[in-house]
Amino acid sequence: MDKQLLQKYFRNQCTFEEIEQVLNWFQTKEGQAYFEKTLDQDMQRYAEEERLLLYPDVPTERMLHNIRLAKQKSYRKKSPYNWRVKAVVALLVFSILALNYMFLHTGEGEPQEPEIVYRTIATQEDQHRLVTLGDGTNVRLNSNSSLEVPESFAPDKREVRLMGEAWFDVASDENRPFILQADQATIRVLGTEFNVKVDTTSRNIQIAVAEGRVSLSNKSTTGGRGAILTEDTFAILNMDNEEMLIEHSQVDNYLSWISGRLYFYNEPLWVVSRYLERIYDVHFYFAEQQLKEMPLSTDMAKEDLKSVLDIIGKTLQIEYSYENETVLWTHNR
């Protein structure tokens, strides 16, 4: 028997005529000798080469058991019908390899990954929630936020979904990166502390890294436009135009919703205003350019925006007007 033809047979690549040729050969003395001495060895070798017999959904163990029983019977029973038994065995072998071949080459019947079941952790107005995930990662949810977490993490990754704002202290696991899906942003980390805010009103996603490194990418862009963010780095991803702004600065104030404090040391007013814009979702303007460079040093409680503006105005001895989510700084009249 041509070894290449036999190999084609085991790989389900034969035509009907070639299959008949192989089955007829199984009835010959040479074929019977092959069946008794070489079949198991060749079958195992082909299986290993093609990564066969590895799919739990295929009843290969039961089929192999039937093959062994048929072979045992054929050894004990030397009747004119032995060739039929061996032909049945050959068909069983063919069935095993055909099924596996179909799995490998057609995609039909590929072992389906188990469906991931998510549970949602949510907060209401003026409510925070601290949770510890199954891998040891600590998450603190801000108010009006939700986190979708799988019932159990996959073997190769830990993936969660966020709407709203949350702080993450990710447990280190080099073999399973932590992946956070936040609207249009994908954030990948191994172990770090960072804050994420999905601002649907301003149409942006804000990331403040307090420790470690994270990879930020826009999943809506082909190829995934991205950047590496390190400690004391802040980034904004615009949902509409996909622009990404990255700056290095203290990120403590972006965690003010946790600490309840706003801290500035000799920061120019334009920098302070930029923090407040992102925290309170407002816009700041200056009546005069020199107002921008006025330095501010203060440690105050994070309260409503008007209370914060009052403290800054009294500290710098300046005034402001606040209307329609817009703040205008002016000199004292």
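Every chain begins its residue count from 1, and numbering advances along the sequence as written. For this predicted model, a pLDDT threshold of at least 70 governs which residues receive local features, and a threshold of 80 or more governs which side-chain atom pairs are given and counted, while totals over whole chains, interfaces and linings are taken from all residues. Remark: hydrogens and water are excluded; side-chain values derive from all non-hydrogen atoms of the structure.

### As for the layout of surface pockets
Of the grid points, spaced at 1 Å and generated over the protein atoms alone, those admitting a 1.4 Å probe that cannot get out make up cavities, while open sets with protein on both sides within 12 Å along at least five of seven lines make up pockets; any residue with an atom within 4 Å of a point is treated as lining. Grid points are joined across faces, edges and corners, and a volume is the space filled by probe spheres set on the points. The computed volume of the largest pocket comes to approximately 400 Å³. Runs of E in the DSSP output that reach at least two residues are strands. Runs of H or I that reach at least four are helices, and both are numbered from the N terminus. For the lining of the largest pocket, the element with the most residues is strand S9 (residues 193–199), which contributes 3 residues. When residue character is reported, Ala, Val, Leu, Ile, Met, Phe, Trp, Tyr, Cys and Pro are called nonpolar, Asp, Glu, Lys and Arg charged, and the others, Gly included, polar. Classifying every residue of the lining of the largest pocket by side-chain character gives 2 nonpolar, 8 polar and 6 charged.

### A closer look at the confidence of the model for the chain
Across the chain, pLDDT averages 78, with 69% of residues at or above 70. What pLDDT expresses is the predictor's confidence in each residue, scored from 0 to 100. Any pair of residues with heavy atoms lying within 4.5 Å of one another is described as a contacting pair. Scored below 50 in pLDDT, residues 49–71 shows 43 contacts in the model against residues more than four places distant or in partner chains. Segment residues 73–81 is flagged for pLDDT under 50; beyond a separation of four residues in sequence, or across chains, it makes 7 contacts in the model.

### Some words on the pattern of salt bridges
Between Lys or Arg on one side and Asp or Glu on the other, a salt bridge is scored when a side-chain nitrogen of the former is within 4 Å of a carboxyl oxygen of the latter. Inspection of every chain in the model, using the stated rule, returns 9 salt bridges. Across the pair Lys157 and Glu159 runs a salt bridge whose closest N-O atoms are separated by 3.2 Å. One salt-bridge network, held together by shared partners, links Glu247, Arg274 and Arg278.

### Looking at the side chain of Gln184
Mapped onto the elements of the fold, Gln184 is located in the loop between strand S7 (178–182) and strand S8 (185–189). As used in this structure description, the phrase polar contact means that two N or O atoms lie within 3.5 Å; if the pair is within protein, one of them must be able to donate a hydrogen and the other to accept it, and residues adjacent in sequence are counted only when both atoms belong to side chains. Here Met239 takes part through its backbone oxygen, which lies 3.2 Å from a polar atom of the side chain of Gln184.

### Describing empty space enclosed by the protein
Across all of its chains, the model carries 2 cavities of 30 Å³ or more by this definition. By volume, the largest cavity amounts to about 50 Å³. If you go around the largest cavity, the residues you meet are Ile116, Tyr118, Pro150, Ser152, Phe153, Ala154, Lys157 and Glu159. Residue composition of the lining of the largest cavity, by class: 5 nonpolar, 1 polar and 2 charged.

### Focus: the sheet that holds strand S14 (residues 244–248)
Taken in spatial order, the 7 strands line up as S2-S3-S6-S9-S10-S13-S14 in an open sheet, and their pairing is antiparallel. In this open sheet, the two strands that pair with only one neighbour each are strand S2 (129–132) and S14. Each neighbouring strand pair of the sheet contributes to a mean axis angle of 15 degrees, computed without reference to strand direction. Alignment of strand S6 (residues 165–169) against S9, held across 5 bridges, turns out to be antiparallel. In short, DSSP must find at least two bridges between two strands for them to pair. Note on definitions: angles span 0 to 180 degrees between N-to-C directions of axes, and those axes are lines fitted to C-alpha atoms, for helices only across the stretch in contact.

### Digging into the pairing of S14
Of the strand pairs in this sheet, strand S13 (residues 233–238) and S14 are connected by 5 bridges, and their pairing is antiparallel. Each bridged residue has a counterpart across the sheet, and for Phe234 the counterpart in S14 is Glu247. Where S13 hands over to S14, the hairpin turn is made up of 5 residues, of which Glu242 adopts a positive phi near 65 degrees.

### Points about the nonpolar core
The biggest cluster of nonpolar side chains holds 31 residues, and the ones touching the most others in it are Phe168 and Phe194. Not counting residues up to four positions away in its chain, the partners in contact with Phe194 are Ala166, Trp167, Phe168, Val170, Leu180, Ile187, Val189, Ile207, Ala208, Val209, Ala210 and Val214. The nonpolar core is taken to be a set of buried Ala, Val, Leu, Ile, Met, Phe, Trp, Tyr and Cys residues, with the residues joined through side-chain atoms within 4.5 Å. Note on classification: 1.4 Å probe, protein chains only; a residue is buried when its accessible area is under 20% of the maximum for its type, exposed when over 50%, partly exposed between these limits.

### Notes on the packing of aromatic side chains
Centres within 6.5 Å are what make two rings of Phe, Tyr or Trp a pair, Trp counting through its six-membered ring; a difference in plane orientation under 30 degrees is then read as stacked, over 60 as edge-to-face, and the rest as tilted. Throughout the structure, instances matching the rule amount to 7 aromatic pairs. A ring pair is formed by Phe168 and Phe194, whose centres lie 5.2 Å apart and whose planes are at 15 degrees; its orientation type is stacked. One end of the pair, Phe168, is in strand S6; the other, Phe194, is in strand S9, with 26 residues separating them in the sequence. Across the pair, Phe194 and Phe168 agree in class, each one buried. Ring plane angle 20 degrees and centroid distance 6.0 Å describe the contact between Phe284 and Trp329, whose orientation is recorded as stacked. Here Phe284 is found in strand S16 (residues 283–286), whereas its partner Trp329 is found in strand S19 (residues 326–331), with 45 residues between them in sequence. We note that Phe284, like Trp329, is buried. What links up through ring pairs into an aromatic cluster is the set Phe234, Tyr254, Phe264 and Tyr275. Its end group placed over the ring of Tyr118, Arg161 keeps NZ or CZ at 3.9 Å from the ring centre. Here, over-ring charges are defined by two tests on the NZ atom of lysine or the CZ atom of arginine: distance to the ring centre within 6 Å, and angle to the ring normal within 35 degrees.

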